[in-house]
Amino acid sequence: MDTNLTREHIQRLYFEERLSTRQIASRLGVSQSTIMRVLQESPLRSKSAAAKIRYEPLSLAGNYEELAYLVGVYLGDGCLVQNSRTELLDIACDSKYRNLIERFASLVNRVFGKPPILRKDPFSNCVHIRLYGTGISSTLGFEPGPKNRCDLHIPEWITANESWSRWCLRGLFETDGYIHHRRGRDKSVVVGFSNTNEALLDDVQQLLYNLRYEKFRRSKASIDCWQFDEALRFIADVGLDKS
């Protein structure tokens, strides 16, 4: 059976995303009767019974390197929403970055021990990686709500450890970062990070300095490095991959 038609995936769309059988059939490109048959064969026969999955308590199931990586991803392209009795972690990715989408979905699964839901926005090129449960905000260390209304800071437990700092930087640069390969007389690479939250930019700048990356330069809404050797060293050190 196609992975998009597995019972678990259809159950998540129906019970957690609360899509109708018609909406699921349209999204997956199959008949509504196929979706109804899969749900009828499911041991979960009602949304009220399955809702417990949406409200189940979550805690750290992975290691701190993975958590630091996810914190960086959240600070870049994630959001936390409080929904009545549960929380939603939503990470938005451009659909052209298929490897990133798969990597982030796997990362969320490893950190929390629960597979997220992937949802394509029908009106844009955005794919949402979504996880429902209680305890997400306390595990990540951030309060739910709009990130643009508050100062964002990288947690101290990350900044105090060089390995975790690199993992966090990887998450930040793979979401709100960029790599430009320029060709002229000499090949050059530009690596940078852009964000409108000044407090977060301050933290990223300090973290780069702490890790001895001294060629990065700060502008109003970005930090970047045009020095070829240091740009390549940074990309290799943090394992940066924007594909």
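Residues numbered from 1 in each chain as written. Predicted model: local features only at pLDDT ≥ 70, side-chain atom pairs only at ≥ 80, totals over all residues. Heavy atoms only, no water.

**Digging into the pairing of strand 6 (residues 188-194)**
- Counted residue by residue, strand 6 has 5 buried out of 7 residues, so it is predominantly covered.
- Where strand 5 (residues 177-182) lies against strand 6, 6 bridges are found, and the strand directions are antiparallel. Across the sheet, residue R182 finds its bridge partner in strand 6, namely S188.
- Of the pairings in the sheet, the one linking strand 6 to strand 8 (residues 222-225) comprises 4 bridges and is antiparallel in character. Note that in strand 8 the partner of V191 across the bridge is C225. (Buried < 20%, exposed > 50% of the residue type's maximum accessible area, 1.4 Å probe, protein only. Helix = DSSP H or I, 4+ residues; strand = E, 2+ residues; numbered from the N terminus. Pairing = 2+ DSSP bridges.)

**A few points about the sheet that holds strand 8**
- Strand order across the open sheet formed by 4 strands is 5-6-8-7, with antiparallel pairing between neighbours. The open sheet has two edge strands with one neighbour each: strand 5 and strand 7 (217-218).
- Against the sheet, helix 9 (residues 162-176) makes contact with strand 5 and strand 6, and its axis sits at roughly 95° relative to strand 6, the strand it touches most. (Contact = heavy atoms within 4.5 Å. Axes fitted to C-alpha atoms, helices over the stretch in contact; angles between N-to-C directions.)

**Structural notes on the sheet that holds strand 4 (residues 126-133)**
- The strand order across the open sheet built from 4 strands is 1-2-4-3, with neighbouring strands paired in antiparallel fashion. A single partner strand is all that each edge strand has here, and the edge strands are strand 1 (78-83) and strand 3 (117-120). Within this sheet the neighbouring strands show an average axis-to-axis angle of 25°, counted without direction.
- Pairing between strand 1 and strand 2 (residues 86-94): 6 bridges, direction antiparallel. Bridge pairing links L80 to L89 in strand 2.
- On top of the sheet, helix 5 (residues 64-77) reaches strand 1 and strand 2; it is set at about 85° to strand 1, its chief contact.

**Concerning the environment of V190**
- Summarising the element assignment, V190 is placed in strand 6.
- Sequence-wise, V190 and D224 are 34 residues apart; in three dimensions their C-alpha atoms are separated by 7.0 Å.
- Apart from residues lying up to four places away in sequence, V190 is in contact with Y178, I179, H180, R182, D224, C225 and W226.

**Description of the pattern of salt bridges**
- Taken as a whole and assessed by the stated rule, the structure comprises 10 salt bridges.
- Measuring nitrogen to oxygen at the nearest pair gives 3.8 Å for the salt bridge that ties E162 to R166. In this pair, E162 and R166 are both assigned in helix 9, 4 residues apart and thus about one turn of the helix distant.
- Given the relative accessible area of 38%, E162 is considered partly exposed.
- One salt bridge connects E174 with R170, and the closest N-O pair in it is separated by 2.9 Å. Highlighted residues: E174 and R170, both in helix 9, separated by 4 residues, approximately one helical turn.
- E174 sits in the buried class, given a relative accessible area of 1%. (Salt bridge = Lys/Arg side-chain N within 4 Å of Asp/Glu carboxyl O.)

**Digging into the side chain of E66**
- Relative to the helices and strands, E66 is located in helix 5.
- Among the residues examined, E66 registers a relative accessible area of 16% and is labelled buried.
- For E66, the residues in contact, after removing those within four places along its chain, are L107, R110 and V111.

**Structural notes on the environment of S31**
- With respect to the helices and strands, the residue S31 is situated in the loop between helix 2 (21-28) and helix 3 (32-40).
- Take S31: its relative accessible area is 35%, and that puts it in the partly exposed class.
- Along the chain, S31 and T21 lie 10 residues apart, while their C-alpha atoms are 9.2 Å from each other.
- Side chain to side chain, S31 and S33 meet in a polar contact 3.0 Å long.
- Within the local environment of S31, its side chain forms a polar contact with the side chain of T34, the two groups lying 2.8 Å apart. (Polar contact = N/O pair within 3.5 Å; in protein donor to acceptor, adjacent residues only side chain to side chain.)

**Here's the deal with the packing of helix 5 against helix 6 (residues 98-112)**
- Taken N-terminus to C-terminus, the directions of helix 5 and helix 6 make an angle of 130°; their axes are 10 Å apart at the nearest point. With respect to helix 6, the element helix 5 is oriented oblique. The chirality of how helix 5 crosses helix 6 is left-handed. Between helix 5 and helix 6, the contacting residues are E66, L67, Y69, L70 and V73 on the first element and R103, F104, L107, V108, R110, V111 and F112 on the second.
- Taken together, the residues of the contact of helix 5 with helix 6 break down into 9 nonpolar, no polar and 3 charged. (Parallel < 35°, antiparallel > 145°, perpendicular 65-115°, else oblique. Left-handed = near helix turned anticlockwise from the far one by under 90°. Nonpolar A, V, L, I, M, F, W, Y, C, P; charged D, E, K, R; others polar.)

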